[in-house]
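Architecture and fold: a report
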Amino acid sequence: MTDDRPAWARRIAAERTARDWSQRQAVRALRAHAPTELPAEDSMIRQWKRWESGQMPNDFYQPIIAALFGTVTHALFPAPSRRDGDREILAASGMETLEIVSRLNRSDVDNATLDALRITADRLASEYPFMPSEQLLIEGRQWLRRVVDLHKKSLTLAQHREVLALSGWLALLVGCVEYDTGDRHAAESTRQAALSLATEADHAEVAGWAHEMRAWFALTTGDYRGVIAAAQAGAETAQHHGVAVQLAGQEAKAWARIGDRRQVEVALDKGRRLLEGMPYPENLDNHFVVDPAKFDFYAMDCYRLVGEDKLARTLAEEVLRAGTDFDGTERSPMRNAEARVTLGVTAAREGDLEQALIMGERALEGDRQSVPSLIMTSRELAAEMKRRYAAEPGARDYLARLQTLGQEKPGFLPQ
């Protein structure tokens, strides 16, 4: 085997190794997930060897292999993105920002203007992972005010509902960024506004994401039963939308922190089955689109918490691979930060303090951070440091830095 194998082939081998399976054992486990009888064992072992060497499985085997490793088909075998890039998306409206704003000042609003606003909202949500928080907050609030002001215009019933929905999406985005920066009270007010707009517009997807934000807020403040309640309420509201997958992921994270391993697997399996049945997203960059690779991110968090270190480390490495471009540019800096915390935790548990410190420090370095989430996961690394390396200067320095970060954001102070 060589390093030039496709990423999915390397991952199949890594997933198998993380479970201490031989190729024969992997083939036997695969049968439990197959909808029909598979060929004889020796034939399947030869097939497995071909897969690990880089020969792509066909459409029949791809979902079975994904199910075997507790993930979804397009997380393991990514489909090419159908997005043509920001320039093409923005060009679809045929308008620059100045023209959109100019049209908003008219007494009535045409459908072309609403199309341009939809594209603008999509662009802002797509810039969430990497645009500096302060800049995104300013732009998001500006556009939210402009869209809310449309309610004063002459609108048809359909346009009115569309404006309510657009207001809801922008409120969700603003609320997320407010929470990332530690402004909990503003974020909760904005979340409630988004839920109210969704209710008025009868928009299940926006309402589902408002419940997901409630689950996220509860998770990062240690209210795990609150996470489960919010996740279940959101799933009931938006069961046919992608947000239901993320709600299942948040529920799994809560059960992991409660310590109920069985419920972790139930929630993860629920999310996996929902995601497997959904079409591949057109815009993977949009924060309110659940891309297949994010499912591995949920599972990574859960396996780290329940002590499945090999699986957690394998998934963390996959999250970093998927979240980094070939030139080293980070596409998903916030996910990558939490993946590095996971690698730090597993290294600490294995007695490798130097690697644990490297990963812990790198996790805190990014310019684009979700401070509450980063502090929450870093607490686990801090706990390992205190338990195993309390007398080590490097560990004490890391704990001091984390304590300082918590003090800068009151309400998220590590315990």
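In the block above lies the structure referred to throughout.
What counts and what doesn't
- Residues numbered from 1 in each chain as written.
- Predicted model: local features only at pLDDT ≥ 70, side-chain atom pairs only at ≥ 80, totals over all residues.
- Heavy atoms only, no water.
- Helix = DSSP H or I, 4+ residues; strand = E, 2+ residues; numbered from the N terminus.
- Contact = heavy atoms within 4.5 Å.
- Areas by Shrake-Rupley, 256 points an atom, 1.4 Å probe, with all protein chains shown as cover.
- Axes fitted to C-alpha atoms, helices over the stretch in contact; angles between N-to-C directions.
- Parallel < 35°, antiparallel > 145°, perpendicular 65-115°, else oblique.
- Left-handed = near helix turned anticlockwise from the far one by under 90°.
- Phe/Tyr/Trp six-rings, centres within 6.5 Å; stacked < 30°, edge-to-face > 60°.
- Buried < 20%, exposed > 50% of the residue type's maximum accessible area, 1.4 Å probe, protein only.
- Lys NZ or Arg CZ within 6 Å of the ring centre and 35° of its normal.
- Salt bridge = Lys/Arg side-chain N within 4 Å of Asp/Glu carboxyl O.
- Polar contact = N/O pair within 3.5 Å; in protein donor to acceptor, adjacent residues only side chain to side chain.
- Nonpolar A, V, L, I, M, F, W, Y, C, P; charged D, E, K, R; others polar.
- Core = buried A, V, L, I, M, F, W, Y, C linked by side-chain atoms within 4.5 Å.
- Expected span 1.5 Å × (residues − 1).
- 1 Å grid on protein atoms, 1.4 Å probe; cavity = no way out; pocket = protein on both sides within 12 Å on 5 of 7 lines; lining within 4 Å.
- Points joined across faces, edges and corners; volume = space filled by probe spheres on them.

Thoughts on the overall build of the protein
A count of helical and extended segments in the protein gives 21 helices and 0 strands. Long-range pairs, those at least 24 residues apart, make up 64% of the contacts in the protein between residues at least 6 apart in sequence. For the protein, the exposed surface amounts to about 18,700 Å²; the carbon and sulfur share of it is 49%.

Details of unusual backbone geometry
Positive phi, close to 60°, is recorded for Asp20, a residue that is not glycine. Structurally, Asp20 can be placed in the loop between helix H1 (7-18) and helix H2 (23-31).

Comments concerning the packing of helix H12 (residues 204-220) against helix H20 (residues 371-389)
Between H12 and H20, the shortest axis-to-axis distance is 9 Å and the interhelical angle comes to 40°. One finds that H12 runs oblique with respect to H20. For the crossing formed where H12 meets H20, the hand is left-handed. Across the interface between the two elements, Trp216, Leu219 and Thr220 of H12 pack against Pro372, Ser373, Met376 and Arg379 of H20.

Let's talk about the packing of aromatic side chains
The geometry of two aromatic rings is summed up by the distance between their centres and the angle between their planes. This model, assessed by the stated rule, comprises 12 aromatic pairs. A ring pair is formed by Trp209 and Phe288, whose centres lie 5.3 Å apart and whose planes are at 70°; its orientation type is edge-to-face. Of this pair, Trp209 sits in helix H12 while Phe288 sits in the loop between helix H15 (261-276) and helix H16 (292-305), and the two are 79 residues apart along the sequence. The class for Trp209 is buried, based on a relative accessible area of 1%. By the ring-pair criterion, three or more aromatic residues cluster together here, those being Trp21, Trp48, Trp51, Phe60, Tyr61 and Phe69. Positioned above the aromatic ring of Trp21 is the side chain of Arg19, whose terminal nitrogen or guanidinium carbon lies 5.9 Å from the ring centre. In this structure, Arg146 is placed above the aromatic ring of Trp143, and the distance from its NZ or CZ to the ring centre is 4.5 Å.

Looking at the pattern of salt bridges
Counted according to the given criterion, the structure contains 35 salt bridges. A salt bridge links Arg118 to Glu162, with the shortest nitrogen-to-oxygen separation between them at 2.6 Å. Taken together, the residues Arg118 in helix H8 (residues 111-126) and Glu162 in helix H10 (residues 157-180) connect sequence positions 44 residues apart. With relative accessibility at 33%, the residue Arg118 sits in the partly exposed group. Take Glu162: its relative accessible area is 22%, and that puts it in the partly exposed class. Each of Arg11, Glu15, Arg19, Asp296, Glu318 and Arg321 takes part in a single network of salt bridges with overlapping partners.

Quick notes on the side chain of Glu52
Take Glu52: it is sitting in helix H3 (residues 41-53). Under the relative-accessibility criterion, Glu52 is labelled buried at 0%. For Glu52, the side chain forms a polar contact with the side chain of Gln23, separated by 3.3 Å.

Re the packing of helix H18 (residues 333-349) against H20
One can describe the packing of H18 onto H20 by two numbers: an axis separation of 10 Å at closest approach and a directional angle of 15°. As far as their axial angle goes, H20 and H18 are roughly parallel. As H18 runs across H20, the sense of the crossing is left-handed. Contacts from Ala337, Glu338, Val341, Gly344, Val345, Ala348 and Arg349 in H18 reach Ser373, Leu374, Thr377, Ser378, Glu380, Leu381, Glu384, Arg388 and Tyr389 in H20. Across the contact of H18 with H20, the residue classes tally to 7 nonpolar, 4 polar and 5 charged.

Here's the deal with the nonpolar core
Grouped together as the largest cluster of nonpolar side chains are 77 residues, with contacts concentrated most on Tyr128, Leu172, Leu268 and Phe288. Element by element, the count of residues in this core is highest for H10, at 11 residues. Discounting chain neighbours no more than four positions away, the residues touching Tyr128 are Leu136, Leu173, Cys176, Val177, Asp180, Trp216, His287, Met334 and Arg368. Residues Val341, Ala363, Leu364 and Leu402 belong to the second largest nonpolar core, which totals 22 residues.

With respect to H10
In this model, H10 (24 residues) spans 35 Å end to end at C-alpha, consistent with the 34 Å of a helix rising 1.5 Å per residue. Summarising burial for H10: 19 of the 24 residues are buried, a large majority. Count one or two residues on from H10 and you reach Gly182, which has phi positive near 95°.

With respect to the layout of surface pockets
In this structure, the second largest pocket encloses a volume near 810 Å³. Lining the second largest pocket are 30 residues, with Trp169, Glu205, Asn286, Phe288 and Val289 positioned closest to its centre. For the lining of the second largest pocket, the elements supplying multiple residues, two or more each, are H8 and H10. Looking at the lining of the second largest pocket, its residues break down into 18 nonpolar, 5 polar and 7 charged.

Notes on helix H14 (residues 243-258)
Its 16 residues place the ends of H14 23 Å apart at the C-alpha level, agreeing with the 22 Å of an ideal helix rising 1.5 Å per residue. Burial within H14 is extensive, with 15 of its 16 residues counted as buried. The first or second residue beyond H14 is Gly259, which carries a positive phi of 100°.

Overview of the side chain of Glu384
Assignment of secondary structure puts Glu384 in helix H20. For Glu384, a relative accessible area of 5% puts it in the buried group. For Glu384, the residues in contact, after removing those within four places along its chain, are Val345, Ala348, Arg349 and Tyr389.

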